[in-house]
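Given next are the chains, with one letter for each unit.
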Amino acid sequence: MMAPPTNTTASSEDLATDILAALDKSQPLLSSDAFPSATFVDLKAALDRLASREMVKYETIERQEALLEPEAEQIAANGSHEARVFEALRKAVEGLSVKELEEAIGDKNVVKIGQGKAFKEKWISKTKDGKFTAVADKINDTTQEQIKTVQQTKTHPDPKILADLKKRKLIRTQNIFSFKIHKGPKFALRIPEEATDLTADMIASGAWKTATFKPYNFKALGATQNGGALHPLNKVRQELRNIFFEMGFEEMPTDKFVESGFWNFDALFVPQQHPARDLQDTFYISDPKAADFPRADSPDDTKDYQAYWDNVKAVHQDGKYGSIGYRYPWSGDESLRLVLRTHTTAISANMLHKLAATKGPDGRPLPARYFSIDRVFRNETVDATHLAEFHQVEGVIADYGLTLGGLMEFMEIFFGKMGLHDLQFKPAYNPYTEPSMEIFAYHKGLGKLVEIGNSGMFRAEMLESMGLPKDMRVFGWGLSLERPTMIKYGISNIRELLGHKVDLEFVQGSPAVLLGQE
Ligand code: PHE
């Protein structure tokens, strides 16, 4: 607004009390008159404070102010150029030459402009010998009068004159904001203490009866609230779910982390001495000590679990369905030990066992496509790429007449939707699949083939124990959710993705990904 005060800068606190004191004497108050040196920002802050307490009411007034340019300052003091020329000539009875006029006035410019205008006004004329001479008796220096009006009132009542002075570059205008201030309903000379909260103490002491409460400001923007953000793993998970759904898969219920050894291992024909079942690889649960015997989890599950249990025992211990088995004494207690599931294939086994009870139009179990994406646990040494837990993406296809070539073809299509092409397959070993294949794809970033999954055709020992017919074949494959997520988001350390070191800003700021697109 105006130049800042030179001596002391009043704080908004002081300014607010000053405003109250000034209002007490007269109102309405125009801030530009009452506080000419306060800045707009300080005034507004002080007024808002008072207005929120209804101590004052104010409105903002915008007006134009006219200010003199340096040339006009001169005119105000000494008269217009033409008037000065006239004045000089009036004093010289004989008239003056240009040179003499310049000497008398002391400013060539004033003479140059002034004599032209004085001619026009018919205040002066030229003598025969070429000198200037005054012809009027008395003149009216209107320009000076106009400028003096502007100087005193910062404006001129005639807008035409104002515009003309501006055009002649004698004045400039600027917009001035000021405040018109009135007393409010709660006007007082001091700002009362305002309570922001009703406290237990205030109720106990009765202080609430007399306290002034700060009114709610419903227009306040409030603190920024963080909406929930999906973790990158969840975003990739959703992408993968969409791929499964569009390929006709049904999602398996994986909402349990603890399994019995029966479903996690025995049902999958993993022998009880297998290293995967070691404490070094698997987390066992100590309490409760043992799982319940495998049983139906819904009334419409009419399968004979005892028969299934017996089949599993037989196929491990003595061999069955044309298999010679592992030929070791199979332990029911070992099978009932509780583990943190090491793979979601435990759920697949459970689902396939239920599938064996379904009957299609031909009386045989129905073909099925199942998938799941959920957490599994392994007793691993934690390093940059391994944690003791990860998310497994698992797919299972059960149908008649499936072949290994069909599995490879399917993998090309499935991983193709994730942007991974030209797969390579490497023979591998899983106790529950034969043949088994590791799946590799070329990783552009790393410039090499990386393992992206494990797959195979489930063994007859596993499927026939469940009661699935001999000619029903089942593909299965698994991969980690973390691997594609780390590749997509360019993360090299798994601890940036999971655990206490995860940066929430990374979670909140990561965009969704489209698998299969660069
Ligand atoms: N369970 C396997 C793993 O943990 C994945 C898999 C599932 C392999 C089904 C073959 C069939 O790696």
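Since the model is a prediction, treat every value here as computed from it, not as a measurement.

1. Side note on the pattern of salt bridges
Oppositely charged side chains can form a pair if their charged atoms are brought close together.
In step 1: Applying the stated rule across the entire model yields 24 salt bridges.
In step 2: Two residues, Glu-259 and Lys-256, come together in a salt bridge whose shortest N-O distance is 3.8 Å.
In step 3: When salt bridges that share partners are traced, they join Arg-237, Arg-241 and Glu-251 into one network.

2. What to know about the site of the ligand
In step 1: Every one of the 15 residues lining the ligand counts as a neighbour, but His-343, Thr-345, Arg-378, Gln-392 and Tyr-432 are closest to it.
In step 2: Between the ligand and the protein, one listed contact pairs a nitrogen atom with a side-chain N or O atom of Thr-345 at 2.8 Å.
In step 3: Taken by itself the ligand offers 320 Å² of open surface, and the protein chains cover 93% of this.
In step 4: A breakdown of the residues in the shell around the ligand according to their chemical character gives 3 nonpolar, 10 polar and 2 charged.

3. Some details on the packing of aromatic side chains
In step 1: This model, assessed by the stated rule, comprises 28 aromatic pairs.
In step 2: Seen from their ring centres, Phe-244 and Phe-249 are 5.1 Å apart, and the 70 degrees between their planes marks the pair as edge-to-face.
In step 3: For Phe-244, a relative accessible area of 0% corresponds to the buried category.
In step 4: For Phe-249, a relative accessible area of 4% translates into the label buried.
In step 5: Measuring from ring centre to ring centre gives 6.3 Å for Tyr-489 and Phe-506, while their planes differ by 85 degrees; the resulting arrangement is edge-to-face.

4. Here's the deal with the sheet that holds strand S2 (residues 56-68)
In step 1: With antiparallel pairing, the 3 strands of this open sheet are ordered in space as S1-S5-S2. Of all strands in the sheet, those bounded by a partner on one side alone are strand S1 (29-30) and S2.

5. Considering the sheet that holds strand S15 (residues 448-458)
In step 1: Reading across from one edge, S8-S11-S12-S16-S15-S14-S13 is the order of the 7 strands in this open sheet, with mixed pairing throughout. One side of each edge strand has no neighbouring strand; the edge strands of this open sheet are strand S8 (250-251) and strand S13 (424-430).
In step 2: Both strand S12 (residues 389-400) and strand S16 (residues 472-480) contribute to a ladder of 9 bridges, which runs antiparallel. In the strand pairing of S16, Ile-397 is matched with Phe-475.
In step 3: Helix H11 (residues 232-246) contacts S8, strand S11 (368-377), S12 and S16 of the sheet and is inclined by roughly 165 degrees relative to S11.
In step 4: Here helix H18 (residues 482-489) sits on the sheet and contacts S12, strand S14 (433-443), S15 and S16; the angle it forms with S16, its principal contact strand, is near 45 degrees.

6. Points about the domain arrangement of the chain
In step 1: For the chain, the domain assignment lists domain 1 (10-76 + 145-190), domain 2 (80-139) and domain 3 (231-257 + 293-300 + 343-507).
In step 2: Centre-to-centre separation of domain 1 and domain 3, based on C-alpha positions: 75 Å.

7. Things to note about a negative patch on the surface
In step 1: Together, Asp-278, Asp-281, Glu-380 and Asp-383 make up a negatively charged patch on the protein surface.
In step 2: Tracing the backbone shows Asp-278 in the loop between helix H12 (261-264) and helix H13 (305-317).

8. Side note on unusual backbone geometry
Both trends apply: most residues other than glycine have a negative phi, and most peptide bonds are in trans.
In step 1: Each neighbour pair has its own omega, and for Asp-287 with Pro-288 the value is 0 degrees, a cis peptide bond.
In step 2: The topology assignment puts Pro-288 in the loop between H12 and H13.
In step 3: Even without glycine at this site, Glu-54 takes up a positive phi of about 60 degrees.
In step 4: Glu-54 sits in the partly exposed class, given a relative accessible area of 36%.
In step 5: The phi dihedral of Lys-122 is positive, around 60 degrees, even though this residue is not glycine.
In step 6: Take Lys-122: it is sitting in the loop between helix H7 (108-120) and strand S3 (124-126).
In step 7: A relative accessible area of 65% places Lys-122 in the exposed class.

Calculation criteria
- Residues numbered from 1 in each chain as written.
- Predicted model: local features only at pLDDT ≥ 70, side-chain atom pairs only at ≥ 80, totals over all residues.
- Heavy atoms only, no water.
- Salt bridge = Lys/Arg side-chain N within 4 Å of Asp/Glu carboxyl O.
- Near = heavy atom within 4 Å.
- Polar contact = N/O pair within 3.5 Å; in protein donor to acceptor, adjacent residues only side chain to side chain.
- Areas by Shrake-Rupley, 256 points an atom, 1.4 Å probe, with all protein chains shown as cover.
- Nonpolar A, V, L, I, M, F, W, Y, C, P; charged D, E, K, R; others polar.
- Phe/Tyr/Trp six-rings, centres within 6.5 Å; stacked < 30°, edge-to-face > 60°.
- Buried < 20%, exposed > 50% of the residue type's maximum accessible area, 1.4 Å probe, protein only.
- Pairing = 2+ DSSP bridges.
- Helix = DSSP H or I, 4+ residues; strand = E, 2+ residues; numbered from the N terminus.
- Contact = heavy atoms within 4.5 Å.
- Axes fitted to C-alpha atoms, helices over the stretch in contact; angles between N-to-C directions.
- Domains from an automatic or database assignment.
- Patch = residues over 30% accessible without salt bridge, like charges linked within 9 Å, V, L, I, M, F, W, Y side chains within 5 Å.
- Lys, Arg positive; Asp, Glu negative; His and termini not counted.
- Charge placed at Lys NZ, Arg CZ, Asp CG, Glu CD.

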